[in-house]
Amino acid sequence: MPSSPTPATALVFSPPSSPSYSSPPHLTFIPTSRRTLTPNMWRRLPARRLVSALLPSASAPLPHPLHRALLLSSAHLAPSSPPHPWRRQFASSSAAVAAEHVSSEEVDEHVIEEIARGEPSNSQAPAPAPAAGQEVGREHRRDRRSGRGKHSAEFMAAHGFGYYKYAMLRRRQIQIETEAWEQAAKEYRELLADMCEQKLAPNLPYVKSLFLGWFEPLRDQIIAEQELVGERGARASHARYFNMLPADMMAVITMHKLMGLLMTGSGDGSVRVIQAACQIGEAIEHEVRIHKFLDKTKKKSNKDEDRDEEVGDSDIAKEQERLRKKVTDLMKKQKVRQVRNIVKKQDNSQPWGQDAHAKVGSRLIELMIETALIQSPASQSADGPPDIRPAFTHEMRTVAREHQSSRRYGVIKCDPQVRQGLDRTAKHMVIPYMPMLIPPISWTGYDKGAHLFLPSYVMRTHGARQQREAVKRVPREQMQSVFEALNTLGSTKWRVNKRVLSIVDRIWSSGGRLGDLVDRADIALPDKPDTEDEDKLKKWRYSLKAAKKENSERHSQRCDVELKLAVARKMKDEEGFYYPHNLDFRGRAYPMHPYLNHLGSDLCRGVLEFSEGRQLGKSGLHWLKIHLANLYAGGVDKLSYDGRVAFTENHLEDIFDSADRPLEGKRWWLKAEDPFQCLAVCINLSEALRSPSPETTVSHIPVHQDGSCNGLQHYAALGRDKLGAIAVNLVAGEKPADVYTGIATRVVEIMKNDALKDPATDPDAARARLLVDQVDRKLVKQTVMTSVYGVTYVGAREQIKRRLKERGVIADDSELFSASCYAAKVTLTALGEMFQAARSIMNWLGDCAKIKTSLQVLTLQRETDKVMVKRQRTAFPPNFVHSLDGSHMMMTAVACKRQGLNFAGVHDSYWTHACDVDTMNKILREKFVELYDTPILENLLESFEKSFPQLKFPPLPERGDFDLKDVLESPYFFN
């Protein structure tokens with residue numbers, strides 16, 4: 001435990017007037033109290049101590065290769081042994097030993113043997129990887145010794161790994177997952193020590209200067225809180241969880257998580273208390289679980305260490321000794337899987353739950369508010385007292401809600417000076433859940449899969465206990481296809497497109513503004529006019545408010561770009577990496593890494609490409625040209641395939657110029673709707689077309705096939721609606737049908753008929769005459785898109801009102817409102833006519849959901865059995881359709897994997913190599929037909945009636961005569 005408080009100094013951060021990398025913030029020393037931590041009190045257990053904890057003396061015979069690996073890694077800690085890169089990775093923390101206890105497939109058991117067998121001796125230089133023939137021969141010998149080698153070899157071959165390479169990457173992955181927070185805490189401790197010794201503030205990037213100033217006071221307050229809640233009789237609601245992690249790591253997690261939320265939040269420098277508290281609490285729990293087994297197996301390796309720390313209870317010691325003996329016996333028998341099971345049983349704790357997350361996170365936020373201070377640079381040279389104030393404040397806000405009582409909620413707001421420069425130094429933030437260097441562990445259960453150590457859950461329940469328990473109750477056989485789909489998505493290997501990233505970096509360092517990148521500079525605030533004229537002052541206040549809002553939004557966007565680029569720069573030199581996936585409650589799949597992934601913006605998609613390259617072939621070259629036209633868009637993507645190919649071939653000069661001189665040339669690629677993706681294809685296509693053999697050019701570009709208003713495609717298939725099927729390309733046509741244009745055309749027809757009526761007797765006549773020339777694809781697009789998600793009349797009215805207001809045709813607000821009401825009514829009428837079956841199914845799903853059941857809803861406070869009928873009625877239909885598009889995507893992913901294709905999916909957009917698009921197109925059509933050949937609505941009604949036999953449900957809606965097999969021949973179904 002720490003010693004009694006002693007006088008010391010703390011740091012208060014004072015940002016410079018214009019922060020930058022080269023101009024560090026000022027650090028002011030202020031007297032405070034400090035607790036001296038026992039050196040290395042909470043350090044991670046070194047490998048040599050874990051060896052002695054799990055094994056008998058080092059001199060005992062070690063028949064299993066894993067024993068040799070453990071002893072080799074501990075021997076490498078000796079100063080006399082020159083450090084090998086692998087040895088440093090093992091010696092840096094106990095992660096090396098913990099790696100053997102990862103919940104993984106049996107392939108890991110064999111990999112452990114290979115890691116041990118491949119480790120060079122202390123006195124020799126690192127042995128080179130064996131030649132292919134040697135490795136194969138050795139693999140045959142292993143196969144004779146055990147039946148596990150075949151599966152291991154197949155796994156490695158499938159992902160292009162040799163054993164040495166996999167072992168090295170696996171060790172790096174363990175370090176990334178287990179040491180990120182600890183390394184940050186260590187860095188702050190070392191910086192503090194250097195600063196106290198030299199009496200100088202280091203030249204640090206902006207965000208690190210902030211954290212350095214806050215770290216020590218926050219850590220000391222957490223230590224004091226840990227002592228307080230550790231006393232007998234402590235009743236604090238967070239007491240049970242507060243002593244499970246070192247104070248310095250809790251401080252680092254709190255600072256980084258809170259600042260990360262503020263950087264990527266609403267844009268005004270605030271975040272809701274409940275959101276921040278739950279995320280901080282959850283991050284603390286995740287780190288606790290990583291450390292838990294290491295703490296439980298702690299045992300002193302010599303008497304000197306025994307004198308430094310307390311001796312454990314004798315009964316516990318006996319139990320640990322029994323476990324160690326059992327582990328030793330099992331490892332002698334090469335029973336590595338049983339060893340992992342013992343480790344798993346040692347962690348018998350239940351998930352904390354959202355309440356615990358909120359309690360722990362709230363207390364840490366309170367301590368952060370109390371200890372984090374900031375000083376204005378201007379006040380440092382003033383004669384008066386320095387202007388020192390809290391860096392964060394808590395305030396309540398009231399939100400007015402339509403047709404409901406207003407609602408109050410709490411937010412944490414940071415001082416404006418804290419935000420200055422954060423968008424330029426976001427790369428120094430700790431980013432958990434980075435892309436993985438090795439394939440994710442295959443999913444086998446609710447919390448079994450994905451990352452090696454970071455807690456991973458197959459479904460994002462956001463703390464909802466009932467949802468979590470429902471998923472756990474599902475029989476494993478029933479989840480196998482879901483697990484296989486997630487494993488397929490996670491096994492796709494990506495890499496950074498360095499050429500595109502270099503162009504992004506050049507644009508960003510020059511101030512942004514190109515390629516949809518936000519301007520890195522704020523707009524100037526308008527000066528207050530020197531007048532008493534209230535109209536001019538009112539106009540100034542409005543302009544000032546708009547300018548501040550724009551700057552706030554720019555700041556948030558800049559932070560977002562910096563975080564994405566920070567990840568891209570960290571991963572750019574990796575040969576490849578992987579994105580573990582999990583599901584939301586609807587069954588849609590998402591990458592677990594939040595920033596740089598293929599579900600992100602054009603920037604993300606432009607700098608990502610498949611790690612594996614494949615030759616284009618004749619069809620691949622054709623599809624690459626179509627893909628370029630799709631990315632350029634602007635109406636080009638609505639042409640036939642031949643029209644799109646012609647567009648690309650007519651712009652070859654622009655394409656070559658874009659590839660050769662992206663910023664110095666004509667910048668044609670910047671006119672595209674998706675500029676960075678367009679640039680990536682320009683580079684690849686130029687390389688192919690300049691090659692003497694274009695079809696043999698290797699391409700890493702993912703080519704997309706997107707659904708046509710996919711939600712309505714699913715409704716049309718459910719209802720066998722022929723008219724709707726034609727409108728959304730379920731039926732073959734000469735060129736792709738555009739449902740938005742179709743709806744707009746029907747709206748114009750209705751309005752023209754209304755315009756012929758007498759305005760004296762029908763008020764819609766005047767509105768029709770006013771609007772008929774304003775109706776186009778853009779006016780109705782949002783309403784048509786959101787019709788699948790249950791858009792209401794009020795929602796449609798507001799959407800159309802915004803579009804009309806942008807055009808400035810109707811100046812009077814009351815007239816604008818009435819015109820919007822009329823246009824919304826007509827648009828919904830046209831939708832109902834064109835998608836009659838879809839509307840009837842939507843209504844049926846809503847009526848079923850309207851019936852009160854015991855389904856749970858999660859509020860911000862706690863779970864309850866109460867059902868919000870109105871919300872459930874509007875939410876159930878779109879959620880059900882999302883589950884169907886998720887099912888179609890997962891079925892397609894698994895089938896593509898079995899055909900040897902690389903596959904990535906973004907809900908209703910399916911990606912593969914250009915040469916494989918034809919194969920994927922065939923598969924996705926077959927799987928769509930297979931999905932809707934099953935009686936989906938009948939099965940749903942049957943499940944309702946079984947679950948709630950006492951309730952009466954409405955009969956199924958009538959359906960049309962559309963033949964699903966027409967989808968197989970429709971070229972523009974996905975295009």
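Structure: above.
Residues numbered from 1 in each chain as written. Predicted model: local features only at pLDDT ≥ 70, side-chain atom pairs only at ≥ 80, totals over all residues. Heavy atoms only, no water.

A.B. asks: It is not clear to me how the sheet that holds strand β20 (residues 904-906) should be interpreted in this structure. Could you clarify?
C.D. replies: As summarised here, the arrangement of the three strands in space is β17-β21-β20, forming an open sheet in which the pairing is antiparallel. Each end of this open sheet is capped by a strand with a single partner; those strands are β17 (702-706) and β20. Neighbour to neighbour, the strand axes of the sheet diverge by 25° on average, direction disregarded. Examined bridge by bridge, β17 and strand β21 (residues 909-913) share five bridges and lie antiparallel to one another. Within β21, the position partnered with Q705 by the bridge is Y910. (Pairing = 2+ DSSP bridges. Helix = DSSP H or I, 4+ residues; strand = E, 2+ residues; numbered from the N terminus. Axes fitted to C-alpha atoms, helices over the stretch in contact; angles between N-to-C directions.)

A.B. asks: Help me understand helix α31 (residues 793-807), please; the structure alone is not making it clear to me.
C.D. replies: Spacing of three or four residues puts side chains on the same side of an α-helix, whose turn is 3.6 residues. Along its 15 residues, α31 runs 22 Å from first to last C-alpha, staying within 8% of the 21 Å computed at 1.5 Å per residue. Those residues of α31 that fall on the buried side of the exposure criterion are A796, R797, Q799, I800, R803 and L804. Within α31, the buried residues cover an arc of 165° as seen down the axis, which keeps them to one side. Opposite its buried face, α31 presents the exposed residues K805 and E806, each directed more than 90 degrees away. (Expected span 1.5 Å × (residues − 1). Buried < 20%, exposed > 50% of the residue type's maximum accessible area, 1.4 Å probe, protein only. Arc of directions from axis to C-beta.)

A.B. asks: When you look at the pattern of salt bridges in this model, what are you seeing that I'm missing?
C.D. replies: Any two side chains of opposite charge can pair, on the condition that their charged atoms come close. One pass over the structure, following the stated rule, counts 49 salt bridges. For the salt bridge of R389 with D415, the shortest nitrogen-to-oxygen distance reads 2.7 Å. Placement of R389 in strand β5 (residues 388-390) and of D415 in the loop between β7 (404-414) and α16 (416-419) is noted, with a sequence separation of 26 residues between them. For D415, a relative accessible area of 12% puts it in the buried group. When the shortest N-O distance is used, the salt bridge between K493 and E575 registers 3.5 Å. Residue K493 is found in strand β10 (residues 493-496), and its partner E575 is found in the loop between α20 (534-571) and β11 (577-578); the two are separated by 82 residues along the sequence. (Salt bridge = Lys/Arg side-chain N within 4 Å of Asp/Glu carboxyl O.)

A.B. asks: Explanation requested: the sheet that holds β11 in the structure shown.
C.D. replies: What holds strands together in a sheet is hydrogen bonding between their backbones, with the strands either parallel or antiparallel. If you trace the three strands from one edge of the open sheet to the other, you get β11-β10-β14, paired in antiparallel fashion. Looking at strand neighbours, the two that pair on one side only are β11 and β14 (608-610), the edges of this open sheet. Pairing of β10 with β11 involves two bridges; the strand directions are antiparallel. Bridge pairing links W494 to F577 in β11.

A.B. asks: Can you help me understand the nonpolar core in this one?
C.D. replies: One recurring pattern in soluble globular proteins is that nonpolar side chains are buried together. Counting residues in hydrophobic clusters, the biggest one holds 174 residues, and the most contacted among them are V739, I743, M751 and F835. Of all the elements, helix α32 (residues 813-834) adds the most residues to this core, at 10 residues. Two domains each donate at least three residues to this core, and these are domain 1 (164-301 + 321-428) and domain 2 (465-591). When neighbours within four sequence positions are excluded, M751 is seen to be in contact with A768, L771, V772, V775, Y822, A823 and V826. Core analysis: the next-biggest nonpolar cluster, separate from the first, contains 59 residues, M255, M259, L367 and F392 among them. (Core = buried A, V, L, I, M, F, W, Y, C linked by side-chain atoms within 4.5 Å. Domains from an automatic or database assignment. Contact = heavy atoms within 4.5 Å.)

A.B. asks: How should I be thinking about the packing of helix α29 (residues 763-771) against α32 in this particular structure?
C.D. replies: Angle between the axes and distance between the axes are the two parameters that describe a pair of packed helices. Running from N to C, α29 and α32 cross one another at 90°; their axes reach a closest spacing of 10 Å. The angle between α29 and α32 falls in the class roughly perpendicular. In this structure, α29 contributes D764, R767, A768, L770 and L771 to the contact, and α32 contributes E815, S818, A819, Y822, A823 and K825. (Parallel < 35°, antiparallel > 145°, perpendicular 65-115°, else oblique.)

A.B. asks: Explanation requested: the packing of aromatic side chains in the structure shown.
C.D. replies: Counted by the stated rule, this structure contains 22 aromatic pairs. What links up through ring pairs into an aromatic cluster is the set F903, Y910, F928, Y932, F973 and F974. Lying over the aromatic face of Y409, R272 brings its terminal NZ or CZ to 3.7 Å of the ring centre. (Phe/Tyr/Trp six-rings, centres within 6.5 Å; stacked < 30°, edge-to-face > 60°. Lys NZ or Arg CZ within 6 Å of the ring centre and 35° of its normal.)

A.B. asks: Just to check I follow, could you spell out the side chain of T461 for this structure?
C.D. replies: Tracing the sequence through the fold places T461 in the loop between β9 (448-450) and α17 (465-473). Among all residues touching T461, those that are not within four sequence positions of it are Y446, Q467 and R468.

A.B. asks: What is the right way to read unusual backbone geometry from this model?
C.D. replies: Across residues other than glycine, the phi torsion is negative in most instances, and most of the peptide bonds are trans. Non-glycine residue R667 carries a positive phi angle of around 60°. Locating R667 in the fold gives a position in the loop between α24 (652-660) and α25 (675-690). Judged by relative accessible area, which is 31%, R667 ranks as partly exposed. Residues other than glycine seldom take positive phi values, yet C709 does so here, at roughly 45°. Checked against the element boundaries, C709 lands in the loop between β17 and α26 (710-719). The exposure class of C709 is buried, given its relative accessible area of 14%.

The analysis is restricted to geometry; functional conclusions fall outside its scope.
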